Amino acid sequence: MGDLPKGEFSAVTLHNNMLEQVVGSGASELLLHSYRRSFNGFAAKLTNEEAEKLADMEGVVSVFQSQKKELHTARSWDFVGFFEHSRRTVLESDIIVAVLDTGIWPESESFDDKEFGPPPKKWKGSCQKSSNFTCNNKIIGARYYRAKGDYPLEDLQSPRDSVGHGSHTASIAAGAVVSNASLYGFCAGTIRGGVPSARIAVYKICWYDGCYDEDILAAFDDAIADGVDIISLSVGGFFASEYFSDSIAIGAFHSMKNGILTSNSAGNDGPYYASVVNISPWSLSVGASVTDLEFSHAILYYRSHLFLLDRISTFRLGTSINTFDLKGKFYPLIWGADAPKYSSSESRVCLPGSLNETLVKGKIVLCDYLDFMEGPLQAGVVGALIRDDGFKDFAYTFMLPALVLGLTDGRDILHYINTTKKAEAAILRSTEEKDELAPYVASFSSRGPNILSLDILKPDITAPGVDILAAWSEATTVTGVINDKRIVPYNIISGTSMSCPHATAVAAYVKSFHPTWSPSAIKSALLTTAWPMSPKTNTDLEFAYGSGLINPSSAIDPGLVYDAGEIDYIKFLCGQGYSSKQLRLVTGDNKTGCTKATNGSALDLNYPTFALVVSLSGDDTYFSRDFHRTVTNVGSPVSTYNAIVNAPKELDIKVKPNVLSFKSIGEKKSFVVTVAVKVGLPTVSGTSVWDDGVHKVRSPVVAF
């Protein structure tokens, strides 16, 4: 996906001519999409042999197979210290947030355009015509993409959201202020996006069956040309890919070239190491953390008739957002394996059609598999208990009264069923409580290290992503399952999909105060001002939370920023082994190339964080490396910063020079950070801080 050729050209003609050299006649029927507004490339139907032939042609950067990507699915802003009355600027209304997702539900109060003026003059986008969708002065643009043309039956062929995910992420980032919002009374109160005065541009790239690379690239192509300020993309692959084989990394690179920061979700494959998927250094990768609101375990009561005693035991056992109220009534309790329709191996996990309706109807069933409980609902059960060995730091929503038990509690319940003639239980509605340990990173949030570039710390930062209330599509249900009868305007879900738009909003907030700042400067402001997180509740350290928890109020005044531009990333890519030919085609500059002068180390990319990969060799006791960095003064014109290092004894951090004096805004100063660590230790980390008495420009230092 290279830069656009200079001068006038016909992308479709150029791309058809290239295809004809590979497939002969009929090339136009194979061409799915031409990217021609912001970068040069196309998507086409090819065999493996044809793809290999195309890859060998002059002028081709890379050819990769389209992959399906997945969605990384109200007091969160207050929790991070970003209140409704926080300092704002009138330029916030000129900020355009591009949301690449499942579309949007325009009738939601979160997207009401009351008191909004016309779109900013810089806006060059459009509202794609659709019989069931109109834009307004809040949603100023909307497009949808499906290059293959085979629209899923469950979906709406328009920018309208029929999944819910896109409406949710858009309202977290830039939703208007809405009072009295809740999910059946849960999280009740006023909700808002981080930049409620900003505009939203919608690019529907995801459908019921996923998000495809050719559509992702088409949306990037349009969003860049449309004049958006920030791109938010809560989508990712199943694993990290090479930079020029990853549609998101390619799109984000061209966004960066055009002064647009791309905010990405880190992925939901935690707590496993090296599971973070969106890892390009020119984009922002966001992990998910909890707020101090948690849903207490839906309370389970059961009555024991052993020894003719009528004894009630009360347990806080499982986790769920149980919106149903059974009024404390007791119902018979049965294990799914004891009620098979055909096979107990199927009924124990309560698969649809596996339960004997006669045996389970009107009862609470114990299941050994976690899903939406469609099977028990079909069989006519009153409620369900689910035995699961997964993490319990976020809540599930089910189609009927249900809660998730740990294996130990589930075993105890099964023992009770097997030893009691009339086992009974009552499931009560969930309650909200305060999580005293917050903030900490959610178990599902993908972890580092960055397997493609170990010297670049990923994820970059964390933001609230657990049990977030936000707008929802009324074309779907609470769980997204058809048999669920609950249609709601607001829903509570969890994922790095929710943390990503939180960070997007903070980036947009910073942009509203500093409209000329580069994407890397905005990113630096977020990272160096983040709230530190406790290693006691985050044992994976920076591999879980990056620089820490977003701190919007401080991000607008970071003091110093680590700036980087296209040439810096070119040097980085040269050092990663990419060829001059590849880079010239991507940049569109024939002078770009990899030489001794441009072959840069990832260690020296002007990044706000420091990651040291310890290489074991010989009998060395310590392993050390130098990191070269440059900071730009954006704080007080005349200021002096002192280097303050905080590290355990096993990690030695030296900064030279350790004092930086500035005389003007925009002045740059360079320094070297030398990191040495004792060989053979597990991951160890510290911090390096530039402090002028007002600003604390904090960078994590990680050795592993």
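Cut-offs and rules
- Residues numbered from 1 in each chain as written.
- Predicted model: local features only at pLDDT ≥ 70, side-chain atom pairs only at ≥ 80, totals over all residues.
- Heavy atoms only, no water.
- Helix = DSSP H or I, 4+ residues; strand = E, 2+ residues; numbered from the N terminus.
- Rg over C-alpha atoms; globule rule 2.2 N^0.38 Å.
- Buried < 20%, exposed > 50% of the residue type's maximum accessible area, 1.4 Å probe, protein only.
- Areas by Shrake-Rupley, 256 points an atom, 1.4 Å probe, with all protein chains shown as cover.
- Lys, Arg positive; Asp, Glu negative; His and termini not counted.
- Charge placed at Lys NZ, Arg CZ, Asp CG, Glu CD.
- Disulfide = S-S within 2.5 Å.
- Phe/Tyr/Trp six-rings, centres within 6.5 Å; stacked < 30°, edge-to-face > 60°.
- Lys NZ or Arg CZ within 6 Å of the ring centre and 35° of its normal.
- Pairing = 2+ DSSP bridges.
- Axes fitted to C-alpha atoms, helices over the stretch in contact; angles between N-to-C directions.
- Contact = heavy atoms within 4.5 Å.
- Nonpolar A, V, L, I, M, F, W, Y, C, P; charged D, E, K, R; others polar.
- pLDDT = per-residue confidence, 0-100.
- 1 Å grid on protein atoms, 1.4 Å probe; cavity = no way out; pocket = protein on both sides within 12 Å on 5 of 7 lines; lining within 4 Å.
- Points joined across faces, edges and corners; volume = space filled by probe spheres on them.
- Domains from an automatic or database assignment.

*Asks:* I tried to follow the overall build of the chain on my own but got confused; where do I start?
*Replies:* Helices and strands together make up the secondary structure of the chain, namely 17 helices and 35 strands. For a compact globule of 704 residues, the expected C-alpha radius of gyration is about 27 Å, and the chain comes in at 27 Å, within 12% of that figure. Expressed as lengths along the three principal axes of its C-alpha atoms, the size of the chain is roughly 85 × 70 × 60 Å. A burial count over the chain gives 59% of its 704 residues as buried. Split by element, the accessible area of the chain, about 27800 Å² in all, is 51% carbon and sulfur. Across the chain, the 63 positively charged side chains and the 76 negatively charged ones have centroids separated by 3 Å.

*Asks:* What is the right way to read the state of the cysteines from this model?
*Replies:* Each disulfide consists of a covalent bond between the sulfur atoms of two cysteine residues. Applying the stated criterion across every chain, the model contains 4 disulfides. Between the sulfur atoms of Cys-127 and its disulfide mate Cys-135 the distance is 2.1 Å. Residues Cys-127 and Cys-135 are joined through a disulfide that is right-handed, its torsion about the S-S bond being 90 degrees. Judged by relative accessible area, Cys-135 falls into the partly exposed class, the value being 24%. Across a sulfur-sulfur distance of 2.1 Å, Cys-206 and Cys-211 are joined as a disulfide pair. Because the sign of the S-S torsion sets the handedness, a value of about 110 degrees for the bond joining Cys-206 and Cys-211 places this disulfide among the right-handed ones.

*Asks:* Would you take a moment to explain the packing of aromatic side chains for this structure?
*Replies:* Working definition: an aromatic ring pair is given by the centre-to-centre distance plus the angle between the planes. Enumeration according to the criterion identifies 21 aromatic pairs in this entry. Plain terms: the ring middles of Tyr-243 and Tyr-578 are 6.4 Å apart, the flat faces sit at 35 degrees to each other, and that makes the pair tilted. On the criterion of sequence distance, the pair formed by Tyr-243 in the loop between β12 (235–236) and α7 (247–257) and Tyr-578 in the loop between α16 (566–575) and α17 (580–587) is long-range, its members being 335 residues apart. Comparing Tyr-243 with Tyr-578 shows no difference in burial state: the two are buried. Pairing Phe-543 with Phe-704 gives two aromatic rings, centres 5.0 Å apart and planes at 85 degrees, and the pair type is edge-to-face. Of the two residues, Phe-543 sits in helix α14 (residues 542–545) while Phe-704 sits in the segment after β35 (696–703), which places them 161 residues apart along the sequence. For Phe-543, a relative accessible area of 4% corresponds to the buried category. Grouping aromatic residues by their ring pairs yields a cluster made of Tyr-243, Phe-244, Phe-253, Trp-282, Tyr-569, Phe-572 and Tyr-578. For Arg-160, the ring lying beneath its charged end belongs to Trp-105, and the centroid distance is 4.6 Å. In this structure, Arg-429 packs its charged tip against the face of Phe-186, placed 4.3 Å from the ring centre.

*Asks:* Where do I start with unusual backbone geometry in this structure?
*Replies:* What is expected of a backbone is that most residues other than glycine have negative phi and most peptide bonds are trans. For the peptide bond that leads from Gly-270 to Pro-271, omega is 5 degrees, which places it in the cis range. Tracing the backbone through its elements, the reader meets Pro-271 in the loop between β13 (261–265) and β14 (284–289). Note that the residue after Ala-438, namely Pro-439, is joined by a cis bond; omega there is 0 degrees. Mapping Pro-439 onto the fold places it in the loop between β23 (431–434) and β24 (461–464). One non-glycine residue, Asn-180, lies in the positive phi region at around 60 degrees. Structurally, Asn-180 can be placed in strand β6 (residues 178–183). Looking at Asn-180, the relative accessible area reads 72%, which means it is exposed. Positive phi, normally seen in glycine, also occurs at Tyr-184, with a value near 50 degrees. Along the chain, the position of Tyr-184 falls in the loop between β6 and β7 (186–191).

*Asks:* Could you clarify how one ought to interpret the sheet that holds β13 in this entry?
*Replies:* Strand pairing within a sheet occurs via backbone hydrogen bonds; the two strands may be parallel or antiparallel. Strand order in the open sheet made by the 7 strands is β5-β8-β4-β11-β13-β14-β24, with parallel pairing throughout. Each end of this open sheet is capped by a strand with a single partner; those strands are β5 (139–144) and β24. Adjacent strand axes in the sheet meet at a mean angle of 25 degrees, parallel and antiparallel pairs treated alike. Where strand β4 (residues 96–101) lies against strand β11 (residues 230–233), 3 bridges are found, and the strand directions are parallel. Within β11, the residue paired with Val-97 across the bridge is Ile-230. Of the strands in this sheet, β4, β11, β13, β14 and β24 are in contact with helix α12 (residues 496–513), which crosses β14 at around 125 degrees.

*Asks:* Would you take a moment to explain the environment of Gly-362 for this structure?
*Replies:* Tracing the backbone shows Gly-362 in the loop between α9 (357–360) and β19 (364–367). Sequence separation of Gly-362 and Val-381 is 19 residues, and the distance between their C-alpha atoms is 5.0 Å. Once residues within four sequence positions are removed from consideration, Gly-362 is found in contact with Tyr-331, Pro-332, Gly-380, Val-381 and Val-382.

*Asks:* Teacher, can you tell me more about the sheet that holds strand β30 (residues 639–646) here?
*Replies:* Spatial ordering of the open sheet is given by β28-β35-β34-β30-β32, a layout of 5 strands whose pairing is mixed. Bordering the open sheet on either side are β28 (610–612) and β32 (659–662), each of which pairs with just one other strand. For this sheet, the mean inter-axis angle between neighbouring strands, taken without regard to orientation, is 20 degrees. For β28 and β35, the ladder comprises 3 bridges, and the chain directions are parallel. Of the residues in β35, the one forming a bridge with Leu-612 is Ala-703.

*Asks:* What exactly am I supposed to notice about the packing of α7 against α16 here?
*Replies:* Helix packing for two helices is described by the angle between their axes and how far apart those axes are. Between α7 and α16, whose axes approach to 10 Å, the crossing angle comes to 145 degrees. Along its contact with α7, which presents Phe-253, Met-256 and Lys-257, the element α16 presents Glu-566, Tyr-569, Ile-570 and Leu-573. Residues belonging to the contact of α7 with α16 are distributed by class as follows: 5 nonpolar, no polar and 2 charged.

*Asks:* Sorry, what's going on with the confidence of the model for the chain here?
*Replies:* Fine structural detail should not be taken from predicted coordinates in areas where pLDDT scores are low. Looking at the chain as a whole, its pLDDT mean stands at 89, while 92% of the residues score no less than 70. Segment residues 305–312: pLDDT under 50, and 16 contacts once partners within four positions in sequence are set aside and those in other chains are kept.

*Asks:* Got a minute to help me understand empty space enclosed by the protein in this structure?
*Replies:* It is a probe the size of a water molecule, rolled over the atoms, that shows where empty space is left. Reported here for the second largest cavity is a volume of approximately 60 Å³. Lining the second largest cavity we find Pro-281, Ser-520, Lys-523, Ser-524, Tyr-562, Ala-564, Tyr-569, Leu-605, Asn-606, Tyr-607 and Pro-608. The element best represented in the lining of the second largest cavity is helix α13 (residues 519–528), accounting for 3 residues. Both of domain 2 (75–291 + 442–554) and domain 4 (559–564 + 605–703) provide at least three residues apiece to the lining of the second largest cavity.

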